[in-house]
Structure formats: C-alpha cells, structure tokens
Amino acid sequence: MEPMDIVGKSKEDASLPKATMTKIIKEMLPPDVRVARDAQDLLIECCVEFINLISSESNEVCSREEKRTIAPEHVLKALEVLGFGEYIEEVYAAYEQHKLETMDSLKGGKWSNGAEMTEEEAVAEQQRMFAEARARMNGGAVAPPKQPDLNPSLES
C-alpha cells in the first residue's frame, strides 16, 4: 500500500524542483566536493518530509488557536514545538529579509523603471501593450504604436 498524505495524494505527488535543490546543495559545499545522485535524491526527500512536518505542526498550532489561516507565528511556534527552537531566530531573520525584498519588488514593480510615469505615459504604455497583445492573438506582427503628439505646434 502506498503512503498517503493528509490531502489524499501520494508522497510522489509532492516534490521539490531537482535543479533548484541541486543548486542549493552545491552552493553549500566546497567546490571540490561531489554529491552522488542518490544522496541528492535523499536530501530532497528529507526536505519534503521536513516541509510536511512543519506544515502539519503549523496547522495544529493554528487549529489550537482556532484560526483558519496559518500565519508566520504559527510556523515559528511549530519549529519550537518540534525541537527546532535554536533555528527560530535565523528563520525569523530570513522571513524579515524576505518581507523587505518583497516590499521592494512591489514598490519598484516588475513594470517600473524606478521613476513615476505621467498619466499620458501610462496611457501610451497601456495602448502599446494592448497592440502587442492584439497582434499576438491575431498571429500578426506588432504595429508600431501611434506616438502621442507631444508638441502640436511643431508640424513638419
């Protein structure tokens, strides 16, 4: 019989990206150290099990507090309950750093170059993006966007 997790899917359904995990493993080791493929697979399985363990305990902590959403403090409490208290400070620091990086990326934005756009520039950018999307949908080339006439008195 195959082991099942809480939501009824087999353990094989839950995994971590091997390429990412291999990169993390290699970054932690000296350059002259090699890791056998089966050792990498074992490390990945350990990570998955650790995530399952922390998630499950975090859910228990959350349930005891009669909450429906697991919050960061539930995860920190789960670490303590499971005997990983010595990592709480480091985990919390990583969480705070993540919050700062996330806020920075939201402020800067994926679409922003760091400067504020005027309303006219935003409308022009929106029109350009609509034209590109329309062209992709129609399978055609992108027509150059009509540039707004910024100085109507200079006609050539």
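One structure accompanies this document, and this report is about it. All of these numbers come straight from a predicted model, not from anything done at the bench. (Residues numbered from 1 in each chain as written. Predicted model: local features only at pLDDT ≥ 70, side-chain atom pairs only at ≥ 80, totals over all residues. Heavy atoms only, no water.)

With respect to the packing of aromatic side chains
Move 1: A full pass over the atoms with the stated rule returns three aromatic pairs.
Move 2: Residues F84 and Y87 carry aromatic rings whose centres are separated by 6.3 Å and whose planes lie at 50 degrees to one another, so their mutual orientation is tilted.
Move 3: Ring centres 6.2 Å apart and planes at 50 degrees place the aromatic pair Y92 and Y95 in the tilted group. Of this pair, Y92 and Y95 are both found in helix 4 (residues 88-108), three residues apart, which corresponds to roughly one turn of the helix.
Move 4: Taking the relative accessible area as the measure of exposure, Y95 reaches 29% and is therefore partly exposed.
Move 5: A network of ring pairs unites the aromatic residues F50, F84 and Y87 as a single cluster. (Phe/Tyr/Trp six-rings, centres within 6.5 Å; stacked < 30°, edge-to-face > 60°. Helix = DSSP H or I, 4+ residues; strand = E, 2+ residues; numbered from the N terminus. Buried < 20%, exposed > 50% of the residue type's maximum accessible area, 1.4 Å probe, protein only.)

Describing the pattern of salt bridges
Move 1: In this structure the tally under the stated criterion is seven salt bridges.
Move 2: For E125, the salt bridge identified is with R128, shortest N-O distance 2.4 Å. In this pair, E125 and R128 are both assigned in helix 5 (residues 119-138), three residues apart and thus about one turn of the helix distant.
Move 3: Through salt bridges with shared partners, one network takes in E125, R128 and E132. (Salt bridge = Lys/Arg side-chain N within 4 Å of Asp/Glu carboxyl O.)

So, the environment of V75
Move 1: When you line up the elements, V75 lands in helix 3 (residues 72-81).
Move 2: When near neighbours in sequence (up to four residues on either side) are disregarded, V75 contacts I54, S58 and I70. (Contact = heavy atoms within 4.5 Å.)

A short note on the side chain of Q40
Move 1: In this structure, Q40 sits in helix 2 (residues 37-64).
Move 2: Residue Q40 is classed as buried on the basis of its relative accessible area of 12%.
Move 3: In this view, Q40 contacts T22, I25, K26 and V35; residues no more than four positions away in its chain are not counted.

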